[in-house]
Amino acid sequence: MCCFLVDFRGRLHRVAAGWIVEEATNANRLGTALQACKQESKSSRMNRKTAKRLIERYFQQLTEGCGNSNCANEFCASHCDFQPLDNNSAAAKALDLFKVNAKLCDYYPAVKSGTDESFEMGSKMSVDEFSDIQYLTEHTVCQILSFCEEEGDYSALVRVIGRIFSNADALIKSFRKDELGAAKLLDLTDEEKNETSERKVASLEAALPDETPNGLPDPCAMTVDIDAVRRVYDKLLSIDQVESALVNGLIYLTPNVELDLEYLDVYETNPDYLNIFIIVMENGNLHSPEYLEVALPQFCKAMSKLPLSALARLSKLWSTYSLPNIRRMMETFQQLITFTVVSNEYDAGNLVNDDETVVAATQCLKVVFYASILGGKVDVEHSEEDDEDEESDELTLHELLGEERLYKKGPRVDPLEKELGVRSIDSVRPLIPFEDFINESLNDVIEMDKDFTFFKVNAETKFSFQSCPFILNIITKNQGLYYDNRIRMYSERRLTALYSMVQGQQPNPYLKLKVRRDHIIDDALVRLEMISMENPSDLKKQLFVEFEGEQGVDEGGVSKEFFQLVLEEIFNPDIGMFTYDDATKLFWFNSSSLENEAQYTLIGIVLGLAIYNNCILDVHFPMVVYRKLMGKKGSFLDLSDSHPVLNQSLKGLLEYTGNVEKDMVLTFQISHTDLFGNPILYDLKEGGDQIPVTKDNREEFVDLYVEYILNKSVERQFKAFKKGFLMVTNESPLKYLFRPEEVELLICGSRKLDFEALEKTTDYDGGYTKDSQIIRDFWEVIHSFGEDQKRLFLQFTTGTDRAPVGGLGKLKMIIAKNGSDTDRLPTSHTCFNALLLPEYSSKEKLRERLLKAITYAKGFGML
């Protein structure tokens with residue numbers, strides 16, 4: 001087994017170092033090897049430093065020893081039979097030991113302070129007093145610290161700290177909740193057990209992890225005294241020599257921990273192995289430069305080797321921490337990712353996905369991400385059952401072509417998410433905002449086309465950052481979704497061509513809709529309904545729209561106009577499919593609508609097609625709609641957005657301090673009006689009209705009221721709506737990558753408007769340039785507008801008052817000349833984001849004409 005571990009340790013170190021030091025025969029071997037490190041490419045800087053430190057450790061072990069007078073390592077100067085080597089011989093031997101990855105001793109640091117005489121005295125006293133310490137407690141550290149302060153020499157403390165923090169077994173036993181039981185009950189001798197009082201034994205057992213019914217440790221029952229660890233760190237981190245010992249100890253510790261976790265399954269046999277990571281992560285200086293180069297990267301790699309159950313246990317424990325402590329850990333991993341990214345250069349040939357440090361730190365950050373969710377406000381109850389498609393035993397054409405891996409469904413649930421039993425969508429309010437987990441430096445260097453391939457095809461062998469979507473911004477996620485959509489479109493085109501060849505039919509590689517302007521809903525409904533019944537996969541083809549009797553090729557503009565006309569028709573209050581709230585300016589499903597379910601399915605398909613074809617829609621739904629699309633039910637927390645007046649009333653009921661039954665005179669029967677204004681009565685419970693609302697049952701009344709308004713009353717309409725949406729998006733990674741608020745951004749765009757960015761990306765036509773006087777006047781007028789006026793202008797020009805994902809800089813607007821000075825108003829082609837602007841004679845006239853156009857343009861002026 002020892003040879004086996006040495007062999008694997010050798011492989012690990014050679015891979016981590018990224019290079020092999022050639023054998024040399026002269027006294028300059030060490031310097032030559034270290035110089036070779038400096039000549040490596042910048043992208044492997046971290047690995048070179050790891051190799052350098054390993055060689056230096058062997059050299060130090062051969063020349064100075066480990067400091068343990070009982071050392072049994074024959075390649076250590078502290079061994080009793082070791083023959084001293086000069087520096088030249090030690091350098092050559094260090095390289096030989098590095099190549100075979102020989103054993104390294106535990107760390108017994110020696111720190112000199114003051115004169116040589118005082119150092120020798122301090123060393124002797126340290127060995128006499130503290131050499132037999134096998135683990136640390138707060139009391140022990142305080143004793144050693146007091147001794148060192150009296151002597152004016154911290155060498156004894158440095159030796160002990162270095163030795164314990166470089167030894168996994170010693171660190172596991174340190175800082176137990178019961179200091180008498182630090183070595184566990186199993187470590188006590190029979191005599192000690194007999195002498196231990198029943199009170200002490202009970203206290204010791206209480207310090208051990210509680211067991212769950214299945215025999216596994218309770219995730220949050222840890223043996224480490226966290227408060228004691230923090231107090232110890234507060235004392236130690238103010239001493240420079242101790243800081244160095246902690247850094248070096250971690251460098252010695254982590255390679256062996258990584259091997260233990262990867263090849264020996266130590267956590268399964270000893271769950272207390274997790275104590276190492278709990279103790280180390282309490283070090284408040286982990287984000288400092290001393291740790292970022294070697295110690296912390298190695299630690300993250302070791303932590304990423306923890307089994308899933310251990311990571312879940314760690315996440316649950318951290319979720320009990322205060323916000324400052326969780327944020328500190330989050331910032332530590334973010335600091336390492338940013339430091340590594342900015343210190344290296346990545347491109348298509350040197351992917352950040354292959355950087356072990358960035359990958360390991362991202363996986364560690366995921367543990368903190370779920371701890372932040374668990375520690376915040378979570379709603380795991382209001383979830384809808386997912387309608388999973390049944391697996392078919394028949395071979396698909398993709399499988400016959402050997403392409404099933406490329407077109408398979410993306411992972412639906414993150415393994416750690418499943419282990420914890422909580423999803424990001426269950427988070428009502430995390431401890432740390434989701435935005436703080438996004439690393440912009442990392443997003444800038446991700447090659448999304450390569451990352452997408454890893455995500456869909458090589459997930460078992462290659463790391464994809466889409467498996468940790470919390471670290472990605474919506475622009476990067478949208479790129480991943482774009483690749484997924486385009487590949488599916490390409491796939492459907494290929495299949496159509498293949499089927500056509502076999503069946504001898506004309507290929508139809510696109511989703512073509514031919515509609516009449518004056519019957520757009522009927523035509524679209526009939527066509528999409530036929531497609532959804534006959535071949536739903538056609539919905540995943542690229543959309544091409546043709547208006548009957550009109551010439552033109554759909555290059556995106558015609559489809560955009562189609563979406564606008566359909567939405568304008570469906571959301572018309574006269575149709576009665578949706579109700580409109582003037583206060584919130586939002587639409588909600590009409591529970592008493594006379595329209596059939598197919599109409600709601602159509603609007604769901606339209607929303608799905610908009611995402612699939614990367615088109616922004618002018619849709620105004622409350623956030624609860626997107627939460628329901630992602631699998632959550634509406635709850636009281638959603639009511640403030642969708643029904644603010646009702647929310648205030650129910651909130652007043654819950655907070656009322658008087659006699660609820662007599663003063664409110666409410667029962668479990670409620671009423672609302674239908675499409676024609678007629679009252680409709682509904683019993684929240686059987687015989688609800690006979691059950692009064694009291695102080696004791698008012699919470700139940702509110703829950704049932706909300707359940708009816710947001711879920712039951714619109715169940716038929718929303719189910720059809722969601723069905724249409726999933727017809728297009730059910731196989732995409734949408735649900736896995738995006739949160740509800742991000743889905744809204746995909747469909748409707750962003751509310752943040754940066755007109756400076758829009759000015760930089762606007763193109764000009766018809767004789768205008770960015771230096772034309774009319775154009776300079778135009779942008780001065782636009783920048784002088786208020787927020788509402790800017791939104792009106794955007795609505796007038798593009799058909800929506802929001803910016804696409806990535807901001808207005810992603811919007812390609814065109815300003816074209818539309819004649820010389822005139823009294824005519826500006827007009828627009830919203831399907832092409834084009835503004836037709838006459839060359840007005842003055843800025844004042846330009847402002848007056850433009851304001852009139854954008855203010856009164858409803859029904860005319862927009863083409």
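Each value, and the rule that gives it
Sequence order sets the numbering: in each chain, residues are counted from 1 along the sequence as written. Reporting of local features is limited, given that this is a predicted model, to residues whose pLDDT is at least 70; pairs of side-chain atoms are given and counted only at 80 or more, and all residues count toward the totals for whole chains, interfaces and linings. Side-chain measures here rest on the full set of heavy atoms in the structure, leaving out hydrogens and waters. Secondary structure elements are taken from DSSP: a helix is a run of H or I of four residues or more, a strand is a run of E of two residues or more, and numbering for both begins at the N terminus. Residues are treated as being in contact if the distance between any of their heavy atoms lies within 4.5 Å. Here, Shrake-Rupley sampling with a 1.4 Å probe gives the accessible areas, and only protein chains in the shown set may cover a residue. Take the buried residues of types Ala, Val, Leu, Ile, Met, Phe, Trp, Tyr and Cys, join any two whose side-chain atoms come within 4.5 Å, and each joined set is a nonpolar core. Each residue gets one of three labels from its accessible area relative to the maximum for its type: buried under 20%, exposed over 50%, partly exposed in between, using a 1.4 Å probe on protein chains only. pLDDT is defined as a per-residue confidence score from the predictor, taking values between 0 and 100. For this analysis, a polar contact is any N or O atom pair within 3.5 Å, provided that within protein one partner can donate a hydrogen and the other can accept it, and provided that sequence-adjacent residues contribute only side-chain to side-chain pairs. In this analysis, axes come from line fits to C-alpha atoms, helices being fitted only over the stretch in contact, and the angle between any two N-to-C directions falls in the range 0 to 180 degrees. With respect to orientation, any angle under 35 degrees is reported as roughly parallel, any angle over 145 as roughly antiparallel, any angle of 65 to 115 as roughly perpendicular, and every other angle as oblique. Left-handed describes a crossing whose near helix is turned anticlockwise from the far helix by less than a right angle; the clockwise case is right-handed. Should a side-chain nitrogen of Lys or Arg be within 4 Å of a carboxyl oxygen of Asp or Glu, the pair is scored as a salt bridge. Side-chain rings of Phe, Tyr and Trp (the six-membered ring for Trp) are treated as a pair once their centres are within 6.5 Å; stacked means planes under 30 degrees apart, edge-to-face means over 60, and tilted covers the remaining angles. Two strands make a pair as long as DSSP finds a minimum of two bridges between them.

### Describing the overall build of the protein
In step 1: Looking only at helices and strands, the protein has 40 helices and twelve strands in total.
In step 2: Of the contacts made within the protein by residues no fewer than 6 positions apart, 74% connect residues no fewer than 24 positions apart.
In step 3: Accessible surface computed for the protein: about 41200 Å², of which carbon and sulfur atoms make up 49%.

### Describing the nonpolar core
Nonpolar side chains in soluble globular proteins tend to end up buried together.
In step 1: Among the nonpolar cores identified, the biggest contains 101 residues, and Ile 276, Phe 277, Met 303 and Trp 318 are the most heavily contacted of them.
In step 2: Looking at this core, the element that brings in the most residues is helix α19 (residues 356–375), giving twelve residues.
In step 3: Not counting residues up to four positions away in its chain, the partners in contact with Trp 318 are Met 281, Met 303, Ile 326, Met 329, Val 367, Val 368 and Ala 371.
In step 4: The next biggest cluster of nonpolar side chains, apart from the first, holds 82 residues, and it includes Ile 474, Ala 524, Ala 610 and Ala 720.

### Quick word on the confidence of the model for the protein
In step 1: The predicted model of the protein has a mean per-residue pLDDT of 80, with 80% of residues at 70 or higher.
In step 2: The element-level mean pLDDT for the protein is lowest in helix α10 (residues 198–207), coming to 37, with α19 highest at 97.
In step 3: Taken as a whole, residues 1–46 scores under 50 in pLDDT and shows 69 contacts with residues more than four places along the chain or in a different chain.
In step 4: When the criterion is pLDDT under 50, residues 388–407 qualifies, and its contacts beyond four places in sequence or with other chains add up to 27 contacts.

### What about the environment of Asn 596?
In step 1: Tracing the backbone through its elements, the reader meets Asn 596 in the loop between β6 (586–589) and α28 (597–612).
In step 2: Separated by 19 residues in the primary sequence, Asn 596 and Met 577 have C-alpha atoms spaced 9.4 Å apart.
In step 3: A distance of 3.1 Å separates the side chain of Asn 596 from the backbone nitrogen of Ala 598, its partner in a polar contact.

### Focus on the packing of helix α16 (residues 295–303) against helix α18 (residues 323–342)
In step 1: At a minimum axis distance of 11 Å, the contact between α16 and α18 shows a crossing angle of 115 degrees. Between α16 and α18, the angle is such that the two are roughly perpendicular. Here α16 and α18 pass one another in a crossing that is left-handed. For the pair formed by α16 and α18, the contact residues are Leu 296, Pro 297, Cys 300 and Met 303 on the first element and Thr 332, Phe 333 and Leu 336 on the second.

### A short note on the pattern of salt bridges
In step 1: A complete count under the given rule lists 29 salt bridges for this structure.
In step 2: Residue Lys 632 is joined to Asp 426 by a salt bridge in which the shortest nitrogen-to-oxygen separation is 2.9 Å. With Lys 632 in the loop between α29 (623–629) and α30 (636–642) and Asp 426 in the loop between α22 (415–420) and β2 (427–429), this pair connects stretches of sequence that are 206 residues apart. An identical accessibility class is assigned to Lys 632 and Asp 426; each is buried.
In step 3: The residue Arg 627 makes a salt bridge to Asp 638 at a minimum N-O spacing of 3.2 Å. Taken together, the positions of Arg 627 in helix α29 and Asp 638 in helix α30 put the pair eleven residues apart, joining distant regions of the chain. Each member of the pair, Arg 627 as well as Asp 638, is classed as buried.
In step 4: Linked by salt bridges that have partners in common, Lys 477, Arg 739, Glu 741 and Glu 742 make up one network.

### Quick look at the packing of aromatic side chains
In step 1: Applying the stated criterion across every chain, the model contains 32 aromatic pairs.
In step 2: Ring geometry for Tyr 482 versus Tyr 483: centroids 6.0 Å apart, planes at 70 degrees, classification edge-to-face.
In step 3: Relative accessible area serves as the criterion here: at 31%, Tyr 483 is assigned to the partly exposed category.
In step 4: Between Trp 588 and Phe 589, the ring centres sit 5.6 Å apart and the planes meet at 80 degrees, which makes this aromatic pair edge-to-face. Of the two residues, Trp 588 and Phe 589, both sit in the buried class.
In step 5: Chaining the aromatic ring pairs together yields one cluster made of Phe 571, Phe 578, Tyr 580, Phe 587, Trp 588, Phe 589, Tyr 600, Phe 621, Phe 718 and Phe 721.

### A word on unusual backbone geometry
In step 1: In this structure, Asn 614 takes a positive phi of about 60 degrees despite not being glycine.
In step 2: Assignment of secondary structure puts Asn 614 in the loop between α28 and α29.
In step 3: One non-glycine residue with positive phi stands out, namely Asn 833, at about 55 degrees.
In step 4: Tracing the chain through its elements places Asn 833 in the loop between β11 (827–829) and β12 (834–837).
In step 5: Here Asn 833 falls in the buried class, since its relative accessible area comes to 12%.

### So, the sheet that holds β11
In step 1: Strand order in the open sheet formed by four strands is β9-β10-β12-β11, and the pairing between neighbours is mixed. The open sheet is flanked by β9 (763–765) and β11, the only strands paired with a single partner. Neighbour-to-neighbour, the strand axes of the sheet open up by a mean angle of 25 degrees, direction not taken into account.
In step 2: Sheet topology note: the β11/β12 ladder contains three bridges and is antiparallel. Bridging from a neighbouring strand, Thr 827 pairs with Leu 836 of β12.

### Observations regarding the side chain of Asp 523
In step 1: Tracing the sequence through the fold places Asp 523 in helix α26 (residues 520–534).
In step 2: Filtering out sequence-adjacent residues up to four positions away, Asp 523 remains in contact with Lys 514, Val 515 and Arg 516.

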